[in-house]
Amino acid sequence: MSESEFTHEYWMRHALTLAQRAWDEGEVPVGAVLVHDNKAIGEGWNRPIGRHDPTAHAEIMALRQGGMVLQNYRLPDTTLYVTLEPCVMCAGAMVHSRIGTLVFGARDAKTGAIGSLMDVLGHPGMNHQVKVIEGLMADQCSAMLSDFFRARRLEKKALKELARNAE
């Protein structure tokens with residue numbers, strides 16, 4: 001595949017593979033990839049449980065890596081692909097890092113800060129505006145999260161059943 005063939009869908013599929021890594025580690029499956037000049041310069045998946053770090057969200061991990069690659073905390077002309085609508089912390093980090101575009105998949109009604117719960121990036125007082133493309137591969141992104149939480153509920157139910165039977 002030539003560089004010109006890398007599409008939004010290509011990068012979101014990559015973010016979904018990173019989300020699967022989070023799932024495999026027992027974390028909420030969210031993946032993020034930061035792209036500059038059609039190259040991935042940062043990637044991340046949710047790791048707050050394993051890292052004992054409340055800031056170890058997929059987006060933050062990708063932005064940190066991108067900053068190291070570009071040797072700058074400013075990340076202009078980059079696009080961040082995320083499988084789930086970012087939270088307030090991650091949205092704030094995007095403003096501070098000056099990314100150009102955010103592309104996200106599924107909405108997050110509980111903590112989404114790009115329009116669901118509130119709209120950090122769209123706030124007129126922000127000193128940097130980020131272009132937003134939402135809903136890319138939303139069905140696949142939502143399905144992964146739904147499947148994860150369904151599996152987690154079934155595990156908890158099975159553990160309760162085991163405990164009851166052991167009594």
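The following refers to the structure shown. (Residues numbered from 1 in each chain as written. Predicted model: local features only at pLDDT ≥ 70, side-chain atom pairs only at ≥ 80, totals over all residues. Heavy atoms only, no water.)

1. Looking at the pattern of salt bridges
As a working rule, side chains carrying opposite charge can pair if their charged atoms are close by.
Part 1: This model, assessed by the stated rule, comprises six salt bridges.
Part 2: The salt bridge involving Arg 64 is made with Asp 53; its shortest N-O contact spans 3.9 Å. With a gap of 11 residues between them, Arg 64 in helix H3 (residues 58-70) and Asp 53 in the loop between helix H2 (48-51) and H3 connect regions that are remote in the sequence.
Part 3: When its relative accessible area of 21% is taken as the criterion, Asp 53 is described as partly exposed.
Part 4: In this structure, Arg 150 and Asp 147 form a salt bridge, with 2.8 Å as the shortest nitrogen-oxygen distance. Residue Arg 150 and its partner Asp 147 are located together in helix H5 (residues 138-166), separated by three residues, close to a single helical turn.
Part 5: You can call Arg 150 partly exposed: its relative accessible area is 43%.
Part 6: What makes Asp 147 partly exposed here is its relative accessible area of 35%. (Salt bridge = Lys/Arg side-chain N within 4 Å of Asp/Glu carboxyl O. Helix = DSSP H or I, 4+ residues; strand = E, 2+ residues; numbered from the N terminus. Buried < 20%, exposed > 50% of the residue type's maximum accessible area, 1.4 Å probe, protein only.)

2. What about the side chain of Glu 59?
Part 1: Relative to the assigned elements, Glu 59 resides in helix H3.
Part 2: No salt bridge is formed by the buried Glu 59. Its closest oppositely charged neighbour is Arg 64, at 11 Å.
Part 3: If we ignore the near neighbours within four places in the chain, the residues touching Glu 59 are Ala 32, Leu 80, Val 82, Leu 84, Pro 86, Cys 90 and Met 94. (Lys, Arg positive; Asp, Glu negative; His and termini not counted. Contact = heavy atoms within 4.5 Å.)

3. Focus on the nonpolar core
Part 1: The biggest cluster of nonpolar side chains holds 43 residues, and the ones touching the most others in it are Leu 34, Leu 80, Ile 99 and Leu 102.
Part 2: Of all the elements in the fold, those that place two or more residues in this core are helix H1 (8-24), strand S1 (31-36), strand S2 (39-45), H3, strand S3 (78-84), helix H4 (88-97), strand S4 (101-106) and H5.
Part 3: If you tally residues by element for this core, the top one is H1, at seven residues.
Part 4: In contact with Ile 99, other than residues within four places in its own chain, are Leu 34, Leu 63, Leu 75, Thr 78, Leu 80, Met 94, His 128 and Val 130. (Core = buried A, V, L, I, M, F, W, Y, C linked by side-chain atoms within 4.5 Å.)

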